[in-house]
Amino acid sequence: MKRFLSIPYIVWMAIFVVAPIILVVVYALTSGSGSFTFENFAHMENFLSVFIRSMIMALIATAICILIGYPLAYALACEGPRLQKIFIMLIMLPMWMNFLLRTYAWMSILENTGLINSLLSALGLPTVNMINTQGAVVLGMVYNYLPFMVLPIYSVMVRIEPSVVEAAQDLGANSFKVFLRIIFPLSLPGVLSGITMVFVPSVSTFIISRLLGGGKSLLLGDLIEMQFLGSAYNPHLGSAISLIMMVIIIACMMVMNRFGEGEERAVML
Amino acid sequence: MHHGLKLSKPISVLLLLTMTLSMLLIGCQKSNKNVVNVFNWGLYIDEDIFKTFENQTGIRVNYQTYDSNEMLYSKIKGGGASYDVIIPSDYMVSRMISEDMLEKLDYTNIPNISKIDDNYRYQPYDPDNAYTVPYMWGTVGLIYNSTVVTEDVNSWGLLFDEKYAGRILMFDNSRDAMGIALLYLGYSINTTDKSELDEAYDLLKRQKPLLYAYTMDQIYDWLEGGEAAIGPYYAGDYITMIENNPDLKFCLPDEGSNVFIDCMCIPKGAKNKANAEAFINFMCDTEIALLNCAETGYSTPSKEAYDELPDETKNNTVMYPSAETLDRCEAYVNLPREILEYYDNLWVNLKT
Amino acid sequence: MKSVGKHRGAGRLLTGLVFLFLYLPIIVLVIFSFNSSKSRKVWSGFTFEWYKELFSDQMILNSFYITILVAVLAAVIATIAGTFAAIGFFNMKKRPRGILLAINNLPVINADIITGVSMMLLFVSARSLFRFDLGFGTLLIAHITFNIPYVILSVMPKLYQLDNNLFEAAQDLGASWFQAFSKVILPEIRPGIINGLLIAFTMSLDDFVISYFTAGSQIQTLSMTIYSMARKRISPEINALSTILFGTVLILLLVVNIREIRQEKKLKKSSGKLLNPLD
């Protein structure tokens with residue numbers, strides 16, 4: 001009968017998780033005067049470019065995170081236990097410093113008169129325009145969310161039994177084959193959960209694009225924030241865009257889960 | 001696991017209770033009676049005066065900032081905000097009045113209103129002067145770095161000049177940005193002609209690749225530090241910027257510009273109306289007005305404060321332009337709902 | 001996993017580069033918290049000025065206090081509620097459990113901005129019905145709501161590892177339900193609970209987006225203060241505050257690690273003397 005223990009939380013979820021989402025749906029399907037309408041979805045093609053841009057930038061950031069995060073997680077898993085522990089601490093430590101501030105610090109680094117360009121011109125090299133570009137925004141995403149890629153991959157990798165690897169080696173597999181046939185498939189759940197943990201916040205951010213993008217390339221998050229608390233008040237349109245974004249995210253999740261085969265338990269930090 | 005019956009129920013009841021209690025927390029959140037919640041533009045006040053106010057009245061100032069009229073509107077309209085004093089500009093005042101978002105003021109609680117010059121009261125946005133007390137006024141102008149821009153500047157065209165690609169800043173709010181484009185094209189900043197608005201939009205769209213960024217108050221940092229060289233902003237802020245970078249110059253272009261009055265108002269349903277009126281009254285005090293002027297560089301609507309300004313300030317044509325210059329300037333008026341929505345659409349499209 | 005020597009060098013190089021990337025902005029922040037001018041990129045001399053000013057800046061200190069208060073309260077409440085909810089879920093039939101867990105996962109997989117916006121819509125519509133203000137209460141509720149799923153996600157796996165018979169065995173031996181729970185189950189799932197608590201606390205501390213939409217107009221968390229400052233001029237006081245925070249965490253971690261290493265050494269020593277127990 002211990003399942004009654006969950007009733008308070010079920011009530012809580014109904015009020016604070018389900019009801020708000022129903023409200024988003026209601027807002028998306030009504031007009032300012034409160035009548036039912038599909039009007040909010042009618043001009044969605046205007047925002048197609050924002051959807052596409054957000055997707056592409058988030059995908060690029062996710063890809064870079066895999067390219068850096070996967071070898072890093074592998075390298076970490078190869079270290080001795082004490083070093084492993086220290087390195088993992090070092091990866092999580094920046095999260096204790098406010099992420100807005102860390103992102104803001106990149107402005108000082110990337111600006112035209114910033115640290116990198118000062119260094120370049122001191123060396124007599126031409127300066128590079130980096131701040132307020134889409135590249136800077138992607139860099140901000142990678143910077144902020146890279147730990148979310150490394151940690152899940154690392155946590156599945158350390159759980160791979162050394163005996164499995166040894167057995168394969170005994171049977172004559174070279175290290176490339178061991179990686180391809182054993183380590184990579186076994187680490188896949190970590191990669192999948194890393195992808196979702198990087199992609200979702202990247203596709204919906206509005207801070208990074210605002211601080212590092214100079215307001216020139218609107219992302220989905222900016223678009224939504226703009227309709228609720230920003231410069232073009234229209235919560236109905238904002239809800240419609242949120243709803244579409246939510247559907248996209250959940251669809252991606254379901255595709256991922258299909259690959260992941262319910263491995264969700266393995267990989268929360 | 002069937003033995004659990006006895007205790008699991010009481011525990012779940014207890015949990016349910018705690019959760020309802022924490023929900024009730026929002027209901028009976030003690031609202032400290034002696035607070036005034038002020039929502040103002042960023043960098044638009046001398047924050048040291050809050051202490052003076054608290055010492056005089058015992059009312060604590062809870063202070064937050066916004067960076068455009070449109071953001072203020074969103075926050076009041078849909079953000080669940082509960083402020084006591086807000087400081088919208090003229091056109092936003094009239095929009096808020098028309099949407100019944102402002103309280104009428106009780107001027108008997110604001111005796112210092114007598115210090116305000118009548119020229120700044122009874123404006124078209126509040127003809128009976130029932131809702132507003134003018135705080136500051138000013139113009140919009142072109143600020144540029146004279147070490148980069150060496151030519152004579154007298155036109156908004158500088159903002160659209162490809163020579164300066166990558167060094168130009170632009171307003172990050174629809175009304176000011178569109179206003180400049182309309183002025184450059186020779187149209188009224190209050191036009192409701194959609195084809196004129198479309199033209200202005202096209203101009204801004206062509207300008208976008210030349211921009212360093214769309215910005216509001218970050219412009220200080222970027223112009224002072226030499227990150228960018230050209231940007232339109234409010235005259236008062238130029239006065240602050242030049243203290244940190246004397247190379248900066250100000251120009252009120254020949255095509256004309258916008259002149260604005262920002263007003264202290266009380267939003268509908270404010271919890272601490274009496275405190276809000278006390279605060280507004282305090283802000284009109286001559287000494288306080290002078291402190292605010294000195295800090296922000298904006299122009300005061302108070303005739304007493306103006307009289308006490310040093311001559312150097314009075315003769316500063318950036319802060320107090322001549323009558324002919326002001327003749328070239330137009331105030332924004334509130335636009336019909338349909339046009340406002342059109343603005344929002346154009347703005348979103350521009351930024352995408 | 002063991003790797004071959006030549007790979008280790010490359011691995012170390014990569015690790016070093018990534019750490020440089022991760023810590024570069026932090027180093028910049030720390031250095032410029034000692035800068036004598038307000039500039040965030042031109043060094044003009046050493047000063048402790050900003051640290052002094054920090055302790056007289058009511059706005060920053062106040063938002064820092066609110067951030068800590070919300071993070072602690074939300075993490076503790078979410079951990080207690082989440083643990084019980086997880087036990088409840090665990091004892092359910094597979095079907096309802098699956099549905100409930102899917103709903104539970106919503107705030108985790110959903111974008112923060114949607115969670116924030118949707119809760120804001122709820123609070124704003126409830127506000128006109130029940131006449132309350134958005135503020136600390138709504139902020140706390142929002143934080144609890146997005147924290148509980150993380151607690152459940154970290155407690156659940158521990159429950160799956162639990163041997164079902166343990167609990168019944170304890171009760172057969174005469175333990176009451178509560179005794180069996182606190183003496184048998186709790187110690188088993190404790191690592192999951194503590195892990196959940198830590199995740200919840202970190203999440204709350206670092207959150208900006210959800211707070212931004214649900215905190216209303218009376219209070220600000222540190223992130224919100226930084227955000228409103230970042231759009232004008234950030235005062236180096238904020239750098240000073242983060243440096244203090246960062247330093248504290250760093251020292252804590254070092255102390256914990258050094259103690260562990262010492263204990264390990266002791267353990268090795270004492271295991272050298274055969275059959276001589278530690279205490």
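Given the structure is predicted, the values throughout are model-derived calculations rather than measurements.

Quick notes on the rules
Residues numbered from 1 in each chain as written. Chains lettered and ligands numbered in written order. Predicted model: local features only at pLDDT ≥ 70, side-chain atom pairs only at ≥ 80, totals over all residues. Helix = DSSP H or I, 4+ residues; strand = E, 2+ residues; numbered from the N terminus. Buried ≥ 20, exposed ≤ 12 C-beta atoms within 10 Å, placed from the backbone. Contact = placed C-beta atoms within 7 Å. Rg over C-alpha atoms; globule rule 2.2 N^0.38 Å. Pairing = 2+ DSSP bridges. Axes fitted to C-alpha atoms, helices over the stretch in contact; angles between N-to-C directions. Nonpolar A, V, L, I, M, F, W, Y, C, P; charged D, E, K, R; others polar. pLDDT = per-residue confidence, 0-100. Core = buried A, V, L, I, M, F, W, Y, C linked by C-beta atoms within 7 Å. Domains from an automatic or database assignment. Parallel < 35°, antiparallel > 145°, perpendicular 65-115°, else oblique. Left-handed = near helix turned anticlockwise from the far one by under 90°. Expected span 1.5 Å × (residues − 1).

**A few points about the overall build of chain A**
Helix and strand counts for chain A stand at 12 helices and 0 strands. Seen in sequence order, chain A has helices and strands lined up from the N terminus as α-α-α-α-α-α-α-α-α-α-α-α. Expressed as lengths along the three principal axes of its C-alpha atoms, the size of chain A is roughly 75 × 75 × 30 Å. Considering chain A as a whole, with its 269 residues, one finds that 51% of them fall into the buried category. In chain A, the share of contacts with a sequence separation of at least 24, taken over all contacts with a separation of at least 6, comes to 72%.

**Considerations on the overall build of chain C**
Helices and strands together make up the secondary structure of chain C, namely 11 helices and 0 strands. Listing every helix and strand of chain C by position from the N terminus yields α-α-α-α-α-α-α-α-α-α-α. What you see for chain C is a C-alpha radius of gyration of 24 Å, clearly larger than the 19 Å of a compact globule of 279 residues, by over 25%. In terms of its C-alpha atoms, chain C occupies a principal-axis envelope of roughly 70 × 65 × 40 Å. Burial statistics for chain C: of 279 residues in total, 44% are counted as buried. Of all intrachain contacts in chain C linking residues separated by at least 6 positions in sequence, the fraction that spans at least 24 positions is 78%.

**Some words on the sheet that holds strand S1 (residues 35–41) of chain B**
All names here are of chain B. One open sheet accounts for 3 strands, arranged S2-S1-S3; its pairing is parallel. Two strands close off the open sheet at either side, each with one partner strand: strand S2 (60–66) and strand S3 (85–86). Here 7 bridges tie S1 to S2, and the two strands are oriented parallel to one another. By the bridge assignment, Val-36 is partnered in S2 with Val-61. This element, helix H9 (residues 273–284), spans S1 and S3 of the sheet and lies at about 55° to S1.

**Focus: the environment of Leu-291 of chain B**
Residues and elements named next belong to chain B. Along the chain, Leu-291 turns up in helix H10 (residues 286–296). Judged by the 17 C-beta atoms lying within 10 Å of it, Leu-291 is partly exposed. Separated by 245 residues in the primary sequence, Leu-291 and Asp-46 have C-alpha atoms spaced 6.6 Å apart.

**Description of the interface of chain C and chain A**
Taken together, the contacts link 69 residues of chain C with 73 residues of chain A. Secondary-structure elements contributing two or more residues to the side of chain C that touches chain A are helix H1 (5–32), helix H3 (58–90), helix H4 (94–109), helix H5 (112–130), helix H6 (136–161), helix H8 (177–206), helix H10 (222–230) and helix H11 (236–272) of chain C. No other element matches the 12 residues that H1 of chain C contributes to the side of chain C that touches chain A. Within the side of chain C that touches chain A, the residues separate by chemical class into 48 nonpolar, 15 polar and 6 charged.

**Focus: the confidence of the model for chain C**
Residue and element names in this part refer to chain C. Chain-level pLDDT for chain C is 87 on average; 95% of the residues reach the 70-or-more range. Of all helices and strands in chain C, the one with the weakest mean pLDDT is helix H7 (residues 164–172) (81), whereas helix H9 (residues 209–214) scores best (95). This complex was scored by the predictor with a pTM of 0.91 and an ipTM of 0.90.

**Remarks on the nonpolar core**
Nonpolar side chains in soluble globular proteins tend to be buried together. Core analysis: the biggest nonpolar cluster contains 265 residues, and Val-85, Leu-169 and Phe-279 of chain B have the highest contact counts within it. If you tally residues by element for this core, the top one is helix H7 (residues 134–157) of chain A, at 16 residues. Per-domain counts for this core show at least three residues from each of domain 1 (35–137 + 261–319) and domain 2 (138–259 + 332–351) of chain B. Discounting residues that sit within four places of it in the chain, Val-85 of chain B has contacts with Val-36, Val-38, Met-264, Ile-266, Ala-276, Phe-279 and Ile-280 of chain B.

**Quick word on the packing of helix H11 (residues 220–228) of chain A against H5 of chain C**
Packing of H11 of chain A against H5 of chain C leaves a shortest axis separation of 11 Å and a crossing angle of 15°. Here H11 of chain A lies roughly parallel to H5 of chain C, going by the angle between them. Remark: the crossing between H11 of chain A and H5 of chain C carries left-handed chirality. The segment H11 of chain A lies against H5 of chain C, with Gly-221, Ile-224, Glu-225 and Phe-228 of chain A engaging Ile-113, Val-117 and Met-120 of chain C. Class assignment of the residues belonging to the contact of H11 of chain A with H5 of chain C gives a composition of 5 nonpolar, 1 polar and 1 charged.

**Remarks on the confidence of the model for chain A**
The predicted model of chain A has a mean per-residue pLDDT of 89, with 95% of residues at 70 or higher. Here residues 261–269 of chain A scores under 50 on pLDDT; set against residues more than four positions off or in separate chains, the count is 15 contacts.

**Some remarks on H9 of chain B**
Residues and elements named next belong to chain B. In this model H9 runs 17 Å from its N-terminal to its C-terminal C-alpha over 12 residues, within 8% of the 16 Å that 1.5 Å per residue would give. Here H9 lies mainly inside the structure; 9 of its 12 residues are buried. Among the residues of H9, those classed as buried are Asn-275, Ala-276, Glu-277, Ala-278, Phe-279, Ile-280, Phe-282, Met-283 and Cys-284. Next to the buried residues of H9 lie S1, helix H2 (49–57), S3, strand S4 (133–145), strand S9 (257–264) and H10.

**Regarding the environment of Met-245 of chain A**
Positionally, Met-245 of chain A belongs in helix H12 (residues 235–260). Residue class for Met-245 of chain A comes out buried when judged on the 23 C-beta atoms lying within 10 Å of it. Put simply, Met-245 of chain A and Val-156 of chain A are 89 residues apart on the chain and 29 Å apart in space, counted from C-alpha to C-alpha. When near neighbours in sequence (up to four residues on either side) are disregarded, Met-245 of chain A contacts Ser-204 and Leu-220 of chain A together with Ala-111 and Ile-114 of chain C.

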